[in-house]
Amino acid sequence: MKSSYMVFSGTATRYLAEKICLSLGCPLGKMQMTKFSDGEFAVSYEESIRGRDIFLVQSTFPNSDNLMELLLMIDAAKRASARTINAVIPYFGWARQDRKDKPRVSIGAKLVADLLSVAGVNRVITMDLHADQIQGFFDVPVDHLYASGVLLPYLQSLKLDNMVIASPDVGGSKRANTYAKYLGCPLVLCNKTRARANVVATMQIIGEVEGKNVVIIDDMVDTAGTITKAADLMMEVGAKSVRACASHCVMSGPASERVQASALTEIVFTDSIPYTQRCAKVKQLSVADMFAETIRRVVANESISDQYIV
């Protein structure tokens, strides 16, 4: 008897979809992408999906072909009479554009949510949105998972004494405070000002880090300017060691070089985004089992809330 659900993958996130399927004990669905010489592309399912619950695994990290590919996959599934279409988006791009922070700018996160809805998605499964309120941009159910499910056990395995949790900016203080409460350790904040996007002008440490093993918690690392500046500053004021944990490994531009040259002992990510550059300080933990269990529970109409550590 055929399974009621099938898992398919976009091109860029196939590495994670294969791990999810391995955990689920099901084959990865067959899909073909045809590219034209002008850069246009088309997707097609190579097996019947009529009446099936379809899970499409694709993070929407740059470039925007990944988002377009996901939209085409959703549209093709809708036109092929899939029963439900579930977008599994480990990294939801454009999430930093969640509000109008100055005049005459777009709200990119809302636009992407609208595009997915119009394409025909029935459910979104994602992880560690840059802003929790983005869930409200959708008119379909959103299962919002947290990377703490894999990051917290790793931190506990390190058995660090005098541990301190730090937030690289005031905006991330809620997330860092959650980790600090769970681990039973103090919280330190970094107060920063930006000269412009991706460029930190000044930074001050609020809290005591001297003689402490500091762990900086963030949702993503893009150019690594903030997190490396914070690590270097903490070591200057007497920290014993500084490491960082973040959900999404964006790591664009000079990020890898900055991390390698910084005072960071290590920086730990999930594998929501593939990391192909070489940096000895970067470690990735897989979230495949967490997404696989969520898919299993969605299919069985079971609660997913007990997956959350915090």
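Higher on the page you've got the structure.
Residues numbered from 1 in each chain as written. Predicted model: local features only at pLDDT ≥ 70, side-chain atom pairs only at ≥ 80, totals over all residues. Heavy atoms only, no water.

A.B. asks: Could you give an account of the overall build of the protein, with specific residues and numbers?
C.D. replies: Each helix and strand counted, the protein has eight helices and 14 strands in total. Taking 2.2 N^0.38 as the reference for a compact globule, 310 residues should give roughly 19 Å; the C-alpha atoms of the protein span a radius of gyration of 20 Å, in line with that estimate. For the protein, the spread of C-alpha atoms along the principal axes amounts to about 60 × 45 × 35 Å. By the burial criterion, 51% of the 310 residues in the protein qualify as buried. Considering only contacts within the protein whose residues lie at least 6 apart along the sequence, 62% involve residues at least 24 apart. A gap of 1 Å separates the mean positions of the 34 positive and 32 negative side-chain charges of the protein. (Helix = DSSP H or I, 4+ residues; strand = E, 2+ residues; numbered from the N terminus. Rg over C-alpha atoms; globule rule 2.2 N^0.38 Å. Buried < 20%, exposed > 50% of the residue type's maximum accessible area, 1.4 Å probe, protein only. Contact = heavy atoms within 4.5 Å. Lys, Arg positive; Asp, Glu negative; His and termini not counted. Charge placed at Lys NZ, Arg CZ, Asp CG, Glu CD.)

A.B. asks: Explain the packing of helix α1 (residues 14-24) against helix α8 (residues 288-299) residue by residue, including any values.
C.D. replies: In contact at an axis separation of 8 Å, α1 and α8 are set at 60 degrees when each is read in the N-to-C sense. As far as their axial angle goes, α8 and α1 are oblique. As α1 packs across α8, the resulting crossing turns out to be right-handed. Across from L16, K19, I20, S23 and L24 in α1, the residues of α8 making contact are A288, D289, F291, A292, I295 and R296. Tallied by class, the residues present in the contact of α1 with α8 amount to seven nonpolar, one polar and three charged. (Axes fitted to C-alpha atoms, helices over the stretch in contact; angles between N-to-C directions. Parallel < 35°, antiparallel > 145°, perpendicular 65-115°, else oblique. Left-handed = near helix turned anticlockwise from the far one by under 90°. Nonpolar A, V, L, I, M, F, W, Y, C, P; charged D, E, K, R; others polar.)

A.B. asks: Which residues make up the packing of aromatic side chains, and what are the values?
C.D. replies: If you walk through the whole model with that rule in mind, you get four aromatic pairs. On the basis of an interplanar angle of 85 degrees and a centroid distance of 4.8 Å, the ring pair of F8 and Y45 is categorised as edge-to-face. Of this pair, F8 sits in strand β1 (residues 5-9) while Y45 sits in strand β3 (residues 41-45), placing them 37 residues apart in sequence. Take F8 and Y45: they sit in the same class, and that class is buried. Ring geometry for Y146 and Y308: centres 5.4 Å apart, planes at 75 degrees, overall edge-to-face. Separated by 162 residues along the polypeptide, Y146 in the loop between β7 (142-145) and α4 (148-158) and Y308 in the segment after α8 bring together distant segments of the chain. A relative accessible area of 27% means that Y146 is categorised as partly exposed. Residue class for Y308 comes out partly exposed when judged on its relative accessible area of 29%. (Phe/Tyr/Trp six-rings, centres within 6.5 Å; stacked < 30°, edge-to-face > 60°.)

A.B. asks: Could you give me a rundown of the packing of helix α2 (residues 65-79) against helix α3 (residues 108-119), with the residues and numbers involved?
C.D. replies: Here α2 crosses α3 at 25 degrees, and the two axes come no closer than 8 Å. Here α2 lies roughly parallel to α3, going by the angle between them. Side by side, α2 and α3 meet where L67, L70, L71, I74, D75 and K78 of the first sit next to V112, L115, L116, V118 and A119 of the second. Among the residues making up the contact of α2 with α3, the classes are represented as nine nonpolar, no polar and two charged.

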